[in-house]
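A look at the structure
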Amino acid sequence: MTDCTVYVYDDQLTAAASNFIEIREYDPFWKKLDIQMGATLGPNEFGARITLPDPPEPIVVLVDDTSRHFAPTSLAYLNGRETARLDVTLYALPLPPGGGGGGAGPRGGAVWPMEQWASEFEYPDAPPQTLDVISQHVNRQVESNNWSDTEAFAVRSLLETTVRAMTAAELDLETQEKLVRWRQQLKSLGITILAEVQVVQATERTATASS
């Protein structure tokens, strides 16, 4: 079996040594292949070794911080035969409005208040936003000094990972639960994206229009 070593860093390019870092490997359809918790790999090195598929195939790698301090990030579609090392930077998320005073996170940053993670149905419905509207919202938060540039990177990483998972052909139960959490995070930050069915329909329309 061939391994791929995934190293994780914060935005200062320091090893993101957190016991809450989870590294998952999927096939192109998001069928789970491997899952490892982050661990110390050497001096100033933190991450995990995942087993590449046999026979080789393209893979998706997801890095998720279950403490919700860092935004999740996903990489696709990587060469499952040649991928030997990945160096991934994680960005800390901003707190949602009214979420201040959360105390210290796993690496000394702010943590999300647990009450933010109630059922998705407790959040008021809002119309889905287009990518342009979302981009404008993120830019406004930075311009008004509500978010730093790196927090904006984190929000974009959260958004990209959420959309990628929503368009997946199949998700295991644990990843489905992550998807619910990520959508709740986005809602708390003022971002409402299309429902799963709408995303699939939009993808199909795009494919039809380009054929």
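Above this text is the structure in question.
Overview of the structure. Given the structure is predicted, the values throughout are model-derived calculations rather than measurements.

Our next topic: helix H1 (residues 131-143). The end-to-end C-alpha distance of H1, which contains 13 residues, comes to 18 Å, matching closely the 18 Å that a straight helix rising 1.5 Å per residue would cover. The complete set of buried residues in H1 reads Ile134, His137, Val138 and Gln141. Along the axis of H1, the buried residues cluster in a sector spanning 95°; they form a single face. H1 presents Asp132 and Glu143 as exposed residues on the side facing more than 90 degrees away from its buried surface. Looking at the packing, one finds that the buried side of H1 touches helix H2 (149-166). Just downstream of H1, Asn145 is the residue with a positive phi angle, here 65°.

Right, let's get into empty space enclosed by the protein. If you roll a probe as big as a water molecule over the atoms, it shows you where there is empty space left. For the structure shown, the criterion picks out one cavity of 30 Å³ or more. Reported here for the largest cavity is a volume of approximately 30 Å³. Lining the largest cavity are Arg183, Leu186, Lys187, Ile191, Thr192 and Ile193. Across the lining of the largest cavity, the residue classes tally to three nonpolar, one polar and two charged.

Our next topic: the environment of Val138. Along the polypeptide, Val138 turns up in helix H1. Separated by eleven residues in the primary sequence, Val138 and Asp149 place their C-alpha atoms 9.7 Å from one another. When residues no more than four places from it in sequence are discounted, the contact partners of Val138 are Trp147, Ala152, Val155, Arg156 and Ile191.

Attention shifts here to the side chain of Asp34. With respect to the helices, strands and loops of the structure, Asp34 is situated in strand S3 (residues 32-37). Within the buried set, Asp34 has no salt-bridge partner at all; the shortest N-O distance to an opposite charge, 8.7 Å, is to Lys32. Engagement of the side chain of Asp34 in a polar contact is seen with the backbone nitrogen of Thr51, the distance being 2.9 Å. Those residues in contact with Asp34 that lie beyond four places of it in its chain are Ile23, Arg24, Glu25, Arg49, Ile50 and Thr51.

The next subject is the pattern of salt bridges. Taken as a whole, this structure holds eight salt bridges when the rule is applied. Lys178 is the salt-bridge partner of Glu22, the closest N and O atoms lying 2.7 Å from each other. Of the two residues, Glu22 sits in strand S2 (residues 21-26) while Lys178 sits in helix H3 (residues 173-188), which places them 156 residues apart along the sequence. According to the relative accessible area criterion, Lys178 is buried, its value standing at 6%. Between Lys32 and Glu174 there is a salt bridge whose closest N-O contact spans 3.6 Å. Of the two residues, Lys32 is situated in strand S3 and Glu174 in helix H3; the sequence distance between them amounts to 142 residues. In the salt-bridge network here, residues are joined through shared partners; they are Glu22, Arg24, Lys32, Asp64, Asp172, Glu174, Lys178 and Arg181.

Parameters and conventions
Residues numbered from 1 in each chain as written. Predicted model: local features only at pLDDT ≥ 70, side-chain atom pairs only at ≥ 80, totals over all residues. Heavy atoms only, no water. Helix = DSSP H or I, 4+ residues; strand = E, 2+ residues; numbered from the N terminus. Expected span 1.5 Å × (residues − 1). Buried < 20%, exposed > 50% of the residue type's maximum accessible area, 1.4 Å probe, protein only. Arc of directions from axis to C-beta. Contact = heavy atoms within 4.5 Å. 1 Å grid on protein atoms, 1.4 Å probe; cavity = no way out; pocket = protein on both sides within 12 Å on 5 of 7 lines; lining within 4 Å. Points joined across faces, edges and corners; volume = space filled by probe spheres on them. Nonpolar A, V, L, I, M, F, W, Y, C, P; charged D, E, K, R; others polar. Lys, Arg positive; Asp, Glu negative; His and termini not counted. Salt bridge = Lys/Arg side-chain N within 4 Å of Asp/Glu carboxyl O. Polar contact = N/O pair within 3.5 Å; in protein donor to acceptor, adjacent residues only side chain to side chain.

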